[in-house]
Amino acid sequence: MDPNPNPKKPKAIKSCPFPDEVLERVLSLIDSHHDRSSVSLVCKNWYNAERWTRRHVFIGNCYSVSPQIVAARFPRIRSVTLKGKPRFSDFNLVPEDWGADVQSWLTVFSTVYPFLEELRLKRMVVTDQSLEFLALNFCGFKALSLLSCDGFSTDGLKAIATHCKNLRELDIQENGIDDLGGHWLSCFPESLTSLEILNFASLNSEVSFDALEKLVSRCKSLRVLKVNRNISLDQLQKLLLRCPQLTELGTGSFMQELISGPVTELKNMFSNCKNLVTLSGLWDATPLYLPVVYPACDSLTFLNLSYATLRSIELANLLSHCKNLRRLWLIDTVGDKGLEAVGSCCPLLEELRVFPADPFDQEIFLGVTESGFMSVSRGCPKLRYVLYFCRQMTNAAVATIARNCPDFTHFRLCIMNPGQPDYLTKEPMDEAFGAIVKTCTKLQRLAISGLLTDRTFEYIGKYAKNLETLSVAFAGSSDLGMEYVLKGCPKLRKLEIRDCPFGNAALLSGLTKYESMRSLWMSACNVTMDACRVLAKERPRLNVEVMRDEDGSDDSQAHKVYVYRTVVGPRKDAPPFVLTL
Amino acid sequence: MDLINFEATELRLGLPGSTDEQPEIKSITSVVSTNKRSSSEMGSSISDENDSSRSSPPTKAQVVGWPPVRSYRRNILQGKKSDQSETGSGIYVKVSMDGAPYLRKVDLKMYKGYEELMKGLQGMFKCIIGLYSEMEGYKSEYAPTYEDKDGDWMLVGDVPWDMFLTSCRRLRIMKSCDVIES
């Protein structure tokens, strides 16, 4: 193709200079799907070599492609990651029966990938029948991970436990699961010894401790164990005796009226766990038993306290032992004082998430404020990921935080009262996010909140050149806001907007952009059906889905719009309330 | 709400009657324990079902899906709150007596120990339970039993009172002749 070939190059070599086997061998070492995408674009040979060597496929939107197309392109897949519903479905903004059922994928996979080993699903609908189908049709199945999925019950887990003879991983997290009891755990046969990862922390029903203890004893390679709240301290002690090799532990309840042995014995269990890097659970932890984990704290890199309502003092005492933490999740009961302790104890911290104990009730507990956030930023200059729920914030504080932590890649600030200004100056929070995008040039993900005018979006469009994901709620003054972002952010992939005054002009300003993005969500904005129809007509490679409101009033307004690129046209399983234009 | 009034006793520079705003407010509210809630405030609006696809509308929030907290976490927090309100304002358990036409409810927190509880039950059901002995249980017509967290029926009195409070789910006054000797 090149009209001026390099004169030193030998003539007429259009094909690859080394054999396919070598190319395939080299390419099989590449794991990142981004890199593989790049590889596949080099030339036909590389495209083919890449598709034959790909073992894992990542599908960010299950409706962007069909299982048949995936199967045709990648013949040797062993592992699939599949994401379904728009993210706002986590917050009840998407009605049930919207779609994203995994069965149609499993049906195709059972013929094309009978040796499929891993399935990781996020925001998909998974029925018990599908889980049984999975368990029965993929004889070498090894790893199942379900996050934020719904549609199944513990009966489905029974099928997995019973039939997957080589199961290595069962990771059940935060799903809309119908918990019918803990009997599923007893379905693992005596012959199953391959388990390495078991996470049932989010299930409520009690499992048979006897069955669990035996399972843990015979699975010598177990490295991740996250139990649910029903497992007591006594029981935890017995488990730890069996699996001191754990790298990740999620405890059960950390409160027990009287434990059967001395506390020192429990503490010894923790000091025996020399490989522990992640600790979570700690439900109901109090100063009474929390110190038993201290011996394990020095090697911890991830501490998830988001289900332990600790106070500042308890946290401070705990963190004084955790100087190697990289990731910390907390509940805001720790208060600003607790966050001061974070700043002083954890200089290597890269990720902080602070969840609200009382998201809806403002009067009871203030939680954390700008002061706590600033303390952390002063002590933890390596912070790159923050999720922070608070009730008050100032522009000055965020500017300080940005200066202290210029390496932010993920900045998600949720000021819980919609449209709340800087509580000291009463100004909009525009300058806060302006400071973030100006200073943190590596920013990939941003969630904004508080009182915001179009100026915020002007800043984002001007400075956030690496931004990929933006979440907006109750913000902006006019169409210009959304337009700034669509015009200014070249790497934007996901844009989700709710309750903003963006209308048709804003929607249509992104006409040429949406195909380069994964998806756009707009709900409770000012978009009409007509504008959606225009978008759909102009861009046939986009699916423009409008969700009708239940009361059916005002049919000209488009209350919930979900736009995504796809190579397979309108989906065939859309429910009656979803209109694809 | 029980708030220790720090402000009144605080030493500060400044004329009497002048107030200082935010920092004090922060420190005071951080004293407020989530246990100390008036139960009427949370009462009926908190759903304790575990169905995370639909959580019932919370009291204060007017807005669906805001703040953006996942259903699972929201349900856990609401569940936690109702646990705490239990310990904050009383532990109510059902009490049944063999032969009685209907059940009663008692607040275990009203009693300082087993003796008081027995007195209360005897008064309520007009029966005689008598005294507890470690070896022989209750030497009377009736034996008080309770269902613990594991679902087992236990004889009242064997464990320390505080432990009993945390593990008792319901009470049943059985006829002694029905109590199986272990």
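These numbers were taken from a predicted model, which means no experiment stands behind them.

Participant: Please clarify how the overall build of chain B should be interpreted in this entry.
Facilitator: Helices and strands together make up the secondary structure of chain B, namely six helices and seven strands. Out of the 182 residues belonging to chain B, those deemed buried represent 37%. By sequence separation, contacts in chain B at least 24 residues apart represent 46% of the contacts at least 6 residues apart.

Participant: Can you help me understand the pattern of salt bridges in this one?
Facilitator: A pair can form between side chains of opposite charge whenever their charged atoms are brought close. Residues and elements named next belong to chain A. Throughout the structure, instances matching the rule amount to 36 salt bridges over all chains. Glu496 serves as the salt-bridge partner of Arg87, at 2.7 Å between the closest nitrogen and oxygen. Of this pair, Arg87 sits in the loop between β2 (79-83) and α5 (103-112) while Glu496 sits in strand β19 (residues 494-498), and the two are 409 residues apart along the sequence. Per residue, the accessibility class of Arg87 equals that of Glu496, and both read buried. Note that Arg541 is salt-bridged to Glu515, the shortest N-O span being 3.2 Å. Pair noted here: Arg541 is in the loop between α20 (529-538) and β21 (542-547) and Glu515 is in the loop between α19 (504-509) and β20 (519-523), with a separation of 26 residues, a long-range link.

Participant: Which parts of the structure should I look at to understand the pairing of β2 of chain A?
Facilitator: Side chains on a regular strand alternate between the two faces of the sheet. Residue and element names in this part refer to chain A. Across the five residues of β2, four count as buried, placing the element largely inside the fold. Relative to β2, strand β1 (residues 56-59) runs parallel, the two sharing four bridges. What sits directly across from His56, in β2, is Ser79. The parallel pair β1 and β2 is bridged by helix α4 (residues 67-73), and the resulting crossover is right-handed. When β2 meets strand β3 (residues 118-122), the two strands line up parallel, connected through five bridges. Of the residues in β3, the one forming a bridge with Val80 is Leu119. Between the parallel elements β2 and β3, the chain passes through α5 in a crossover that is right-handed.

Participant: How do you make sense of the packing of aromatic side chains when you look at a structure like this?
Facilitator: Note on aromatic pairs: each is described by the distance of the centres and the angle between the planes. All names here are of chain A. For the structure shown, the criterion picks out 28 aromatic pairs over all chains. Between the aromatic rings of Phe254 and Phe270, the centroid separation amounts to 6.5 Å while the plane-to-plane angle is 65°, which identifies the pairing as edge-to-face. With Phe254 in the loop between β10 (248-250) and α10 (263-272) and Phe270 in helix α10, the pair connects residues that are 16 residues apart, well separated along the chain. Since its relative accessible area comes to 0%, Phe254 is described here as buried.

Participant: Quick question: what am I supposed to make of α10 of chain A here?
Facilitator: All names here are of chain A. Those residues of α10 that sit buried are Leu266, Met269 and Phe270. Viewed end-on, α10 has its buried residues packed into an arc of 95°, placing them on one side of the element. Of the surrounding secondary structure, the elements contacted by the buried residues of α10 are α9 (233-242), β10, β11 (278-280) and α11 (294-297).

Participant: Teacher, can you tell me more about the sheet that holds strand β2 (residues 104-107) of chain B here?
Facilitator: The strands that make up a sheet pair up through hydrogen bonds in the backbone, lying either parallel or antiparallel. All names here are of chain B. Read across the sheet, five strands follow the order β2-β1-β7-β5-β6 without closing on themselves; strand pairing throughout is mixed. Looking along the sheet, the strands with just one partner apiece sit at the ends: β2 and β6 (153-155). Here the average twist between neighbouring strands, direction ignored, is 35°. Two elements, strand β5 (residues 142-147) and β6, share three bridges in a ladder whose sense is antiparallel. Opposite Thr145, over in β6, you have Leu155 as the bridge partner. Strands β1 (92-97), β2, β5 and β7 (170-175) of the sheet are contacted by helix α5 (residues 114-125), whose axis makes an angle of about 155° with β2.

Participant: What should I look at first to understand the UniProt feature "domain: F-box" (unreviewed entry) in chain A in this one?
Facilitator: The UniProt feature table records "domain: F-box" (unreviewed entry) at residues 18-59 of chain A. In residues 18-59 of chain A, helix accounts for 62% and strand for 10%; the two terminal C-alpha atoms are 31 Å from one another.

Participant: I'm lost on the side chain of Thr154 of chain A in this one. Help?
Facilitator: All names here are of chain A. Within the fold, Thr154 resides in helix α7 (residues 154-163). Within the local environment of Thr154, its side chain forms a polar contact with the backbone nitrogen of Leu180, the two atoms lying 2.9 Å apart. The residues contacting Thr154, other than those within four sequence positions of it, are Ile177, Asp178, Asp179, Leu180, Gly181 and Trp184.

Definitions and cut-offs
Residues numbered from 1 in each chain as written. Chains lettered and ligands numbered in written order. Predicted model: local features only at pLDDT ≥ 70, side-chain atom pairs only at ≥ 80, totals over all residues. Heavy atoms only, no water. Helix = DSSP H or I, 4+ residues; strand = E, 2+ residues; numbered from the N terminus. Buried < 20%, exposed > 50% of the residue type's maximum accessible area, 1.4 Å probe, protein only. Contact = heavy atoms within 4.5 Å. Salt bridge = Lys/Arg side-chain N within 4 Å of Asp/Glu carboxyl O. Pairing = 2+ DSSP bridges. Right-handed = clockwise from strand over helix to strand, strands pointing away. Phe/Tyr/Trp six-rings, centres within 6.5 Å; stacked < 30°, edge-to-face > 60°. Arc of directions from axis to C-beta. Axes fitted to C-alpha atoms, helices over the stretch in contact; angles between N-to-C directions. UniProt positions renumbered as here; feature names shortened; annotations may be inferred. Polar contact = N/O pair within 3.5 Å; in protein donor to acceptor, adjacent residues only side chain to side chain.

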